[in-house]
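Architecture and fold: a report
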Amino acid sequence: MNSSPPKLVTTVAQLREELRAVRRAGKRIGLVPTMGALHEGHLSLVRAAAAECDYSVVSIYVNPSQFGPSEDLAKYPRTLHNDLALLAGCRTDLVFAPSDGEVYPRGHATWVEVGPVAAPLEGACRPGHFRGVATVVLKLFNMVQPDAAYFGQKDYQQALVIRRMAADLDVPVAVRVCPIVREPDGLAMSSRNRYLSPTARQRALVLWKGLQLAQELAAGGERNAAVIATRMREIIETAADARIDYIALVDPETLAPVDVVAGQTLVALAVKIENTRLIDNCLLEPGRLS
Ligand code: PAF
């Protein structure tokens, strides 16, 4: 296994220079966009890119435009040195870690607004978030021009938004969505988990317990979405100071709310534990479960 750190570039000009020869050699290029503070969830995307592509680029950029004014932009973990060490153990060919000025040079004034799929859930709780995500991801797609790009299912709505954006704007990239990676006790891996105190880390397990309960209820034949959501709420509220932003049972393509779990249904939730906002989700497959 290659264990030397991948090459690091910080400007679009250097990136294009590196990729010119790769493209000329007819290699398939994979992109894993990240905000750094890498964990096993990211590394699973990197491995998927390495398995499917000849050349992998990981971008590391904490994108200010996707954070709201009262969100955690300033304290978001920046761990480039450690990220490069982690990537040395996976097959990554190039890391692109641009500055804010490189991504949003003076005068930048163009933004990407994605339609209805960006409106509910995270879109409703974090106004402007998906505008920032869609804009930076389109810019990364244009900078790298990957054949395939890799995202995690934990950010389920983000993946839908990016798929819609790429289809609508004719970006020739295959958007791959890889399964959620969980800690052994079920907590979905997230860069924000490192904000959790040991007590909050324990309390945060209620998200996974809520999702497991939804799966058990659906497997046992419960089809009433409101009943499932209420039971989830009860279990999540057992955690002291858990604040629920939403628990939603929705159509996995349109994100429209469902009343009856008749077909595949996305259960998505966002919960603040102490001051850390966590999201998680799972798909209910009633046909398969009952
Ligand atoms: O999922 C993330 O880490 C970010 O939203 C992304 C896709 C890298 C865009 O900044």
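Predicted model only: the values in this text are computed from it and were never measured.

Some words on the overall build of the protein
What the protein contains, in helices and strands, is 11 helices and 9 strands. Structurally, the protein occupies a C-alpha span of about 55 × 40 × 40 Å along its principal axes. Sorting the 290 residues of the protein into buried and exposed places 52% on the buried side. Expressed as a percentage of contacts within the protein between residues at least 6 apart in sequence, the contacts between residues at least 24 apart total 74%. A total accessible area of about 13,300 Å² is found for the protein, and carbon and sulfur atoms account for 52% of it. Here the protein holds 32 positive side-chain charges and 31 negative ones, and the gap between their average locations is 4 Å.

Description of the site of the ligand
Every residue near the ligand is listed here: Pro33, Thr34, Met35, Asn63, Gln66, Val136, Val137 and Gln158. At a separation of 2.6 Å, an oxygen atom of the ligand approaches a polar side-chain atom of glutamine 66. At a separation of 2.7 Å, an oxygen atom of the ligand approaches a polar side-chain atom of glutamine 158. For the ligand, the protein covers 89% of the area, taking 290 Å² as the surface of the free molecule. If you list the elements that add at least two residues to the shell around the ligand, you get strand S2 (29-34) and helix H6 (129-144). Here the residues of the shell around the ligand are counted per class, giving 4 nonpolar, 4 polar and no charged.

Re the layout of surface pockets
In this model, the second largest pocket occupies a volume close to 210 Å³. Around the second largest pocket, the lining comprises 17 residues; the ones closest to its centre are Ile60, Tyr61, Val62, Arg78 and Pro98. The residue makeup of the lining of the second largest pocket, split by class, is 11 nonpolar, 3 polar and 3 charged.

Things to note about the packing of aromatic side chains
Following the criterion strictly, the structure yields 3 aromatic pairs and no others. Ring geometry for phenylalanine 67 and tyrosine 76: centres 5.8 Å apart, planes at 75°, overall edge-to-face. According to the relative accessible area criterion, phenylalanine 67 is buried, its value standing at 10%. On the basis of an interplanar angle of 25° and a centroid distance of 5.8 Å, the ring pair of tyrosine 104 and tryptophan 111 is categorised as stacked. We classify tyrosine 104 as buried; its relative accessible area is 16%. Across the ring face of tyrosine 195, the terminal group of lysine 75 is positioned such that the distance to the ring centre comes to 4.1 Å.

Notes on the packing of H6 against helix H7 (residues 156-168)
Two elements in contact, H6 and H7, have axes whose closest approach is 10 Å; the angle formed by their N-to-C orientations is 55°. On the basis of the axis angle, H6 is oblique to H7. Here H6 and H7 pass one another in a crossing that is right-handed. Within the contact between the two elements, H6 uses Phe130, Val133, Ala134, Val137, Leu138 and Phe141 and H7 uses Gln157, Gln158, Val161, Ile162, Met165 and Ala166. When grouped by side-chain class, the residues that make up the contact of H6 with H7 number 10 nonpolar, 2 polar and no charged.

What about the environment of arginine 176?
In this fold, arginine 176 is placed in strand S6 (residues 174-178). Contact partners of arginine 176, with chain neighbours within four places excluded, come to Arg28, Glu52, Ala149, Tyr150 and Phe151. Reaching out from arginine 176, the side chain makes a polar contact with the side chain of glutamate 52 at a distance of 2.7 Å.

Considerations on the environment of arginine 223
Here arginine 223 lies in the loop between helix H9 (205-219) and helix H10 (225-236). Along the primary structure arginine 223 and arginine 164 are separated by 59 residues, whereas in three dimensions their C-alpha atoms are 29 Å apart.

Focus on unusual backbone geometry
Here glutamine 145, not a glycine, exhibits a phi torsion of approximately 50°, which is positive. Assignment of secondary structure puts glutamine 145 in the loop between H6 and strand S5 (148-152). For glutamine 145, a relative accessible area of 47% corresponds to the partly exposed category.

Rules of the game
- Residues numbered from 1 in each chain as written.
- Predicted model: local features only at pLDDT ≥ 70, side-chain atom pairs only at ≥ 80, totals over all residues.
- Heavy atoms only, no water.
- Helix = DSSP H or I, 4+ residues; strand = E, 2+ residues; numbered from the N terminus.
- Buried < 20%, exposed > 50% of the residue type's maximum accessible area, 1.4 Å probe, protein only.
- Contact = heavy atoms within 4.5 Å.
- Areas by Shrake-Rupley, 256 points an atom, 1.4 Å probe, with all protein chains shown as cover.
- Lys, Arg positive; Asp, Glu negative; His and termini not counted.
- Charge placed at Lys NZ, Arg CZ, Asp CG, Glu CD.
- Near = heavy atom within 4 Å.
- Polar contact = N/O pair within 3.5 Å; in protein donor to acceptor, adjacent residues only side chain to side chain.
- Nonpolar A, V, L, I, M, F, W, Y, C, P; charged D, E, K, R; others polar.
- 1 Å grid on protein atoms, 1.4 Å probe; cavity = no way out; pocket = protein on both sides within 12 Å on 5 of 7 lines; lining within 4 Å.
- Points joined across faces, edges and corners; volume = space filled by probe spheres on them.
- Phe/Tyr/Trp six-rings, centres within 6.5 Å; stacked < 30°, edge-to-face > 60°.
- Lys NZ or Arg CZ within 6 Å of the ring centre and 35° of its normal.
- Axes fitted to C-alpha atoms, helices over the stretch in contact; angles between N-to-C directions.
- Parallel < 35°, antiparallel > 145°, perpendicular 65-115°, else oblique.
- Left-handed = near helix turned anticlockwise from the far one by under 90°.

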